[in-house]
Amino acid sequence: MLILGIETSCDETSAAVVRGPFDQAPFDWAQGEQDKPGDALRLRSGHAGVELLSSVVASQDDLHAQFGGIVPEVASRRHIEMIVPVIREAMQRAQLQWSDLSGIAVTSGPGLIGSLVVGCSTAKALAMARELPLVGVQHLEAHIYSAAIGQALPLPAVALIASGGHSHLVLLRDHGSYQVLGRTLDDAPGEAFDKGARLLGLPYPGGPQLAALADTYQGHVEPLPRARLAGSLNFSFSGVKTALRRLLQEQQPLDEQGRARAAAAYQESIALSLAERATQAAEEAGFLPLIVVGGVARNRRLRELVEQRAQRIGLRAVFPDPQFCTDNGAMVAAAGAHKLALSGPDLVDLECTPNQPLESWHRK
Ligand code: KG4
Ligand code: ZN
């Protein structure tokens, strides 16, 4: 089962080809048999999740850096320029013909509408022209399935999705079965990293720059005061941002060492909030494996804190390869390979929606 995945929800134009984990679809959706449950799935022998055949990511970071943030109109125009070359490159690197493909997966939301439309329209046109089944993938579920690339997704599990636009704790009972346990009440953690970077005068994209500056600090790191929302698994990052602003005002002028210390304290607070809540959620769900995904899952300190806490209480922590944490087509293809096999295709009237919620498609 070979799936092309397309991602254009924000500012990365990306396409990838994967081999799905199943020998064959459990029912023949091509024949319209869409009502049979997917019990009879056979995993490929020796399978280790989804096998990556190619992955191409065209980042727009340089383009948006001059504006200090993403300009939606500029993003969609660049997607239009890049989408065909990026898909062509992904097919060439996988050494495949169109007739080899079993289906196409595309991010259908949430995201910037002008950006989503480019990926969705392209995917529909290809699906119609090549008579291939098409499946829409929600962006958060795509992030979750980044942990299924090159390794089997452990199920049941708890997933922490920490990205620029989202902060969700999700209980995964099975493929396509999602229950949101907690979410951010204000900023997403990536957004908090980016805003903190701006306060520190770091260039766009701020999150990785702040993390790099923080990691240069060698001394003891005291986290800034962080929100602890009693009796819930929700997050809040606006307080820590205010604390950073205050610290920077109080300690003017800051030398390089002072800036690095402030960055490290800020990173520590965000990483601690995420690690505490996520391990708590996995423990409360019955010591389930904890999957950590999304752009902020690239953060070295977050990985370290999650590992430490997980080890202490006996949890298994699972991280994708860092290159698949930020937005990419491979995770869309990985989610699509599962969704297509287990739930069947969408029709070509698939809609893309800027605020699409995470919805279960599990059939049982
Ligand atoms: O998942 P993603 O590519 O896009 C969304 O779905 O939002 O995440 C991008 C976010 C940005 O806010 C970026 O600053 C953050 O992930 N990010 C990081 C790191 N690398 C990317 N934040 C902290 N540390 C990093 N190393
Ligand atoms: Zn994302």
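Residues numbered from 1 in each chain as written. Chains lettered and ligands numbered in written order. Predicted model: local features only at pLDDT ≥ 70, side-chain atom pairs only at ≥ 80, totals over all residues. Heavy atoms only, no water.

K.L.:
Which parts of the structure should I look at to understand the packing of helix α6 (residues 206-214) against helix α8 (residues 256-284)?
P.N.:
Each packed pair of helices is defined by two parameters, the angle between the axes and the distance between the axes. Viewed as axis vectors pointing N to C, α6 and α8 meet at an angle of 115°, and their least axial separation amounts to 7 Å. Considered as vectors, α6 and α8 are oriented roughly perpendicular to each other. When the axes of α6 and α8 are compared, the crossing they make is left-handed. Seen from α6, the contacting residues are Leu210, Ala211, Leu213 and Ala214; seen from α8, they are Glu256, Arg259, Ala260, Ala263, Ala264, Tyr266 and Gln267. (Axes fitted to C-alpha atoms, helices over the stretch in contact; angles between N-to-C directions. Helix = DSSP H or I, 4+ residues; strand = E, 2+ residues; numbered from the N terminus. Parallel < 35°, antiparallel > 145°, perpendicular 65-115°, else oblique. Left-handed = near helix turned anticlockwise from the far one by under 90°. Contact = heavy atoms within 4.5 Å.)

K.L.:
Teacher, can you tell me more about the site of ligand 1 here?
P.N.:
Around ligand 1 sit 18 residues, and of these Gly164, Gly165, Asp194, Asn299 and Asp327 come closest. One of the side-chain nitrogen or oxygen atoms of Ser163 is found 3.4 Å away from an oxygen atom of ligand 1. The contact in question runs from an oxygen atom of ligand 1 to an N or O atom on the side chain of Asp194, over 2.6 Å. In isolation ligand 1 has 560 Å² of accessible area, and contact with the protein removes 87% of it. Secondary structure elements with two or more residues in the shell around ligand 1: α4 (139-145), α5 (189-199) and α6. Residue contributions to the shell around ligand 1 reach at least three from each of two domains, namely domain 1 (2-151 + 324-343) and domain 2 (157-315). (Near = heavy atom within 4 Å. Polar contact = N/O pair within 3.5 Å; in protein donor to acceptor, adjacent residues only side chain to side chain. Areas by Shrake-Rupley, 256 points an atom, 1.4 Å probe, with all protein chains shown as cover. Domains from an automatic or database assignment.)

K.L.:
How do you make sense of unusual backbone geometry when you look at a structure like this?
P.N.:
A negative phi angle is the norm for most residues apart from glycine, just as the trans form is the norm for most peptide bonds. Residue Pro205 is reached from Tyr204 by a cis peptide bond, and omega for that bond is -5°. With respect to the helices and strands, the residue Pro205 is situated in the loop between α5 and α6. In this chain, Gln252 is followed by Pro253 through a cis amide linkage whose omega measures -15°. Topologically, Pro253 is positioned in the loop between α7 (238-250) and α8. A positive phi angle, close to 55°, is found at Gln95, a residue other than glycine. Mapped onto the secondary structure, Gln95 falls in the loop between α2 (72-94) and β4 (103-109). On the accessibility criterion, Gln95 (70% relative accessible area) is exposed. Despite not being glycine, Glu131 has its phi angle at roughly 50°, a positive value. Mapped onto the elements of the fold, Glu131 is located in the loop between α3 (113-130) and β5 (134-138). Relative accessible area serves as the criterion here: at 71%, Glu131 is assigned to the exposed category. (Buried < 20%, exposed > 50% of the residue type's maximum accessible area, 1.4 Å probe, protein only.)

K.L.:
Just to check I follow, could you spell out the sheet that holds β5 for this structure?
P.N.:
Strand pairing within a sheet occurs via backbone hydrogen bonds; the two strands may be parallel or antiparallel. Read from one edge of the open sheet, 5 strands run β3-β2-β1-β4-β5, paired in mixed fashion. Since the sheet does not close on itself, it has two edges, and those belong to β3 (51-59) and β5, each with one partner. Neighbouring strand axes in the sheet, compared pairwise and without regard to direction, differ in orientation by 20° on average. Here 6 bridges tie strand β1 (residues 2-7) to strand β2 (residues 12-19), and the two strands are oriented antiparallel to one another. The residue of β2 that forms the bridge with Leu4 is Val17. Taken strand by strand, α3 contacts β1, β4 and β5, and its axis lies near 155° from that of β4. Across the face of the sheet, helix α10 (residues 329-343) comes into contact with β1, β2, β3, β4 and β5 while running at roughly 130° to β1. (Pairing = 2+ DSSP bridges.)

K.L.:
I'm lost on the packing of α5 against α8 in this one. Help?
P.N.:
At a minimum axis separation of 11 Å, α5 and α8 run at an interaxial angle of 175°. Our classification of the angle between α5 and α8 gives roughly antiparallel. Residues Pro189, Ala192, Phe193 and Gly196 of α5 form the contact with α8, whose participating residues are Tyr266, Gln267, Ile270 and Leu274.

K.L.:
Just checking my understanding: could you explain the packing of aromatic side chains for this structure?
P.N.:
Aromatic ring pairs are described here by two measures, namely the spacing of the ring centres and the angle between the planes. As enumerated under the stated definition, the model contains 1 aromatic pair in all. Ring geometry for Phe235 against Phe237: centres 6.0 Å apart, planes inclined by 15°, an arrangement best described as stacked. Classification of Phe235 by relative accessible area gives buried; the value is 2%. For Phe237, a relative accessible area of 1% corresponds to the buried category. (Phe/Tyr/Trp six-rings, centres within 6.5 Å; stacked < 30°, edge-to-face > 60°.)

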